[in-house]
Amino acid sequence: MLNALQAAFERRELPEKDLRRAFALFEGYQPKLTAHVQRWTEAHPGSYAAHLALGAHLASEAWWHRTYRRAMDVPEKNWARVAQACEGAAGQLNDAMRSTAEPSLAAATRMELKTLWSQDTWDGYIEAVQRCPTSLAVRLAKIGDLRPEWGGSIEGMYAFLQRPEHASLSDEDRLALHANVLHCEGHHLKHFQNDIPGAIAKFEASLAVQVSSYALSGLADALESTDIHRAEQAYRQALALEPYKRDGRAQLGLFLILHRQQYREGMKLVRQARAAGSPLANDFMSNAPRWLIVLFSGLALFR
C-alpha cells in the first residue's frame, strides 16, 4: 500500500503532503511498533516504504529522548539513547534512498537527523533536490537547518528563498516556504530573544502569507502571556487544521491545564498525544513531579 502511494507520488498522481500524511504513523515514537516495522524491513529488504517507516520511527525515538529542550537542558543520560536511535535511523534512511527514484521523505528525515547533531546538510540537500525537484519537504528540512538556534541565521533563511531551484515549485509551495521562514523567525524572537511583540508580528505575517498549523501554534504560544482567549482559539484552530499532529494536541492540552484549569480535556489531550508519540507530551508526563500529575488527574474528574 505505502509503496504504491510512493509510486503514485513519483508519477505526480499524489501530492507530497498526502504521501507524508500516509507515513505520519511512523513520525511519532510508539514502542509497540518497533518489532513490527523491523520484521517488515527484514521480510522486504528492497522496500522503500519499509526502510522509510523504520527510519522515521527510529528518528522519532531520537527526538523522544532528545526532547524539545535546549541542548544544555537535555539530561545527560538521554544522549546515548539519542545517538543509538540516530545511528539506526540513518542506516534505514540510507537504504531507503537507494530503493526508489524520488525518496523525498527519506531525504528530508535524513537531513533533520543531521541538523539534530549540527552536521552540514548542504550535500544532502543538493542531492535531494536533484532527485526530487518538486519536493517541499526537502526544502522545509533545509530551512529548519538554517535556523539561528541550529547554527544558521535569519539572513541565511531569507537568502535560501531566492535560490534558483525553487522555480520548479508551484506558487502554493513557494508561499509555504516564505510562510515557514516567517514562522521560524517568530519562533526565534519568542524563545531566544524574548521579543514577544516581534514574535507575534512574524507569526501573523506568516499566517497572512499562508495559514498553517505551526504558525497558529507559534502565535498561540506567543499570546499566552497577553491574550489567553485568543491563544486558546489559535491552538484549537491549529489542531482542527491538522488533527493528526501529535505535538499540536499536546500543546493545546498543556495550555488548557496550565492556563485555563480545564484539567479533564487537557489531561485527555496530553495522554492522547503521548500515546501517539509526542516528545512534548512525554517530556511533561515523565518529568513533571508525580504529585502534580496525580493532582491534575484528580482534578480532571471534576473539571
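Per-chain numbering applies: the sequence of each chain, read as written, is numbered from 1 onward. Local features in this predicted model are restricted to residues whose pLDDT is 70 or higher, and side-chain atom pairs enter the listing and the counts only when it is 80 or higher, whereas totals over whole chains, interfaces and linings include all residues. Only heavy atoms go into the side-chain values, all of them from the structure, while hydrogens and water stay out.

Trainee: Describe the overall build of the chain, listing the residues and the values that go with them.
Mentor: Helix and strand counts for the chain come out as 17 helices and zero strands. We compute the radius of gyration from the C-alpha atoms alone; for a globule the expected value is 2.2 Å times N to the 0.38, where N is the number of residues. The C-alpha radius of gyration of the chain comes to 19 Å, within 12% of the 19 Å expected for a compact globule of 303 residues. Overall, the chain is about 55 × 45 × 35 Å in size when its C-alpha atoms are taken along their principal axes. Going through the 303 residues of the chain one by one, you find that 50% of them count as buried. Strands are runs of DSSP state E lasting at least 2 residues, helices are runs of H or I lasting at least 4, and numbering of each runs from the N terminus. In this scheme, a residue with accessible area under 20% of its type's maximum is buried, one over 50% is exposed, and one in between is partly exposed, where area comes from a 1.4 Å probe on protein chains only.

Trainee: I'd like to hear about helix 14 (residues 246–259), residue by residue, with values.
Mentor: Look at helix 14: 20 Å from first C-alpha to last across 14 residues, which is about the 20 Å you get at 1.5 Å a residue. Within the sequence span of helix 14, burial applies to Arg246, Gly248, Ala250, Leu252, Gly253, Leu254, Phe255, Leu256 and Ile257. Gln261 occupies a position one or two residues after helix 14 and carries a positive phi of about 55 degrees. Expected span of a helix, by definition, is 1.5 Å for each gap between consecutive residues, and there is one gap fewer than residues.

Trainee: Tell me about the state of the cysteines, and name the residues and values.
Mentor: Note on terminology: pairs of cysteine sulfur atoms within 2.5 Å are recorded as disulfides. Under the definition given, this model contains zero disulfides. With no disulfide of its own, Cys184 lies 20 Å from the sulfur of Cys86, the closest cysteine sulfur. You can call Cys184 buried: its relative accessible area is 2%.

Trainee: Give a detailed account of helix 6 (residues 104–116), specifying residues and quantitative values.
Mentor: Helix length check: helix 6, at 13 residues, gives a terminal C-alpha distance of 19 Å against a target of 18 Å (1.5 Å per residue), a fit within 8%. Among the 13 residues of helix 6, eleven are classified as buried, and the element is accordingly described as predominantly covered. Turning to helix 6, its buried residues number three or more, namely Ser104, Leu105, Ala106, Ala107, Ala108, Thr109, Arg110, Met111, Leu113, Thr115 and Leu116. The criterion used for residue contact is that any of the two residues' heavy atoms lie within 4.5 Å. Structurally, helix 6 contributes buried residues whose contacts are with helix 1 (2–10), helix 2 (16–22), helix 4 (48–66), helix 5 (76–97), helix 7 (122–131) and helix 8 (136–145). One or two steps after helix 6, the chain reaches Ser118, where phi turns positive at roughly 60 degrees.

Trainee: Residues and numbers for the packing of helix 4 against helix 6, please.
Mentor: Between helix 4 and helix 6, the least distance of the axes is 10 Å, while the angle of their chain directions is 25 degrees. Considering their axes alone, helix 4 and helix 6 lie roughly parallel with respect to each other. Where helix 4 crosses over helix 6, the two elements pack in a sense that is left-handed. Contact residues: Tyr48, Leu52, Ala56, Ala59, Trp63 and Arg66 in helix 4; Ser104, Leu105, Ala106, Thr109, Leu113 and Leu116 in helix 6. Gly falls in the polar group here, along with every residue not listed as nonpolar (Ala, Val, Leu, Ile, Met, Phe, Trp, Tyr, Cys, Pro) or charged (Asp, Glu, Lys, Arg). In terms of residue class, the contact of helix 4 with helix 6 is built from nine nonpolar, two polar and one charged. To get an axis, a line is fitted to the C-alpha atoms, and for a helix only the part in contact is used. The angle between two axes follows their N-to-C directions and goes from 0 to 180 degrees. Note on angle classes: values under 35 degrees are labelled roughly parallel, values over 145 roughly antiparallel, values of 65 to 115 roughly perpendicular, and the remainder oblique. Whether a crossing is left-handed or right-handed is set by the direction in which the near helix is turned from the far one by less than a right angle, anticlockwise for left-handed and clockwise for right-handed.

Trainee: Requested: an account of the packing of helix 8 against helix 10 (residues 171–192), with residues and values cited.
Mentor: The N-to-C vectors of helix 8 and helix 10 enclose an angle of 20 degrees; their axes lie 10 Å apart at closest approach. Relative to helix 10, the element helix 8 lies roughly parallel. For the pair helix 8 and helix 10, the crossing hand works out as right-handed. Seen from helix 8, the contacting residues are Leu136, Arg139, Leu140 and Ile143; seen from helix 10, they are Asp173, Ala176, Leu177, Asn180, Val181 and Cys184. Taken together, the residues that form the contact of helix 8 with helix 10 break down as seven nonpolar, one polar and two charged.

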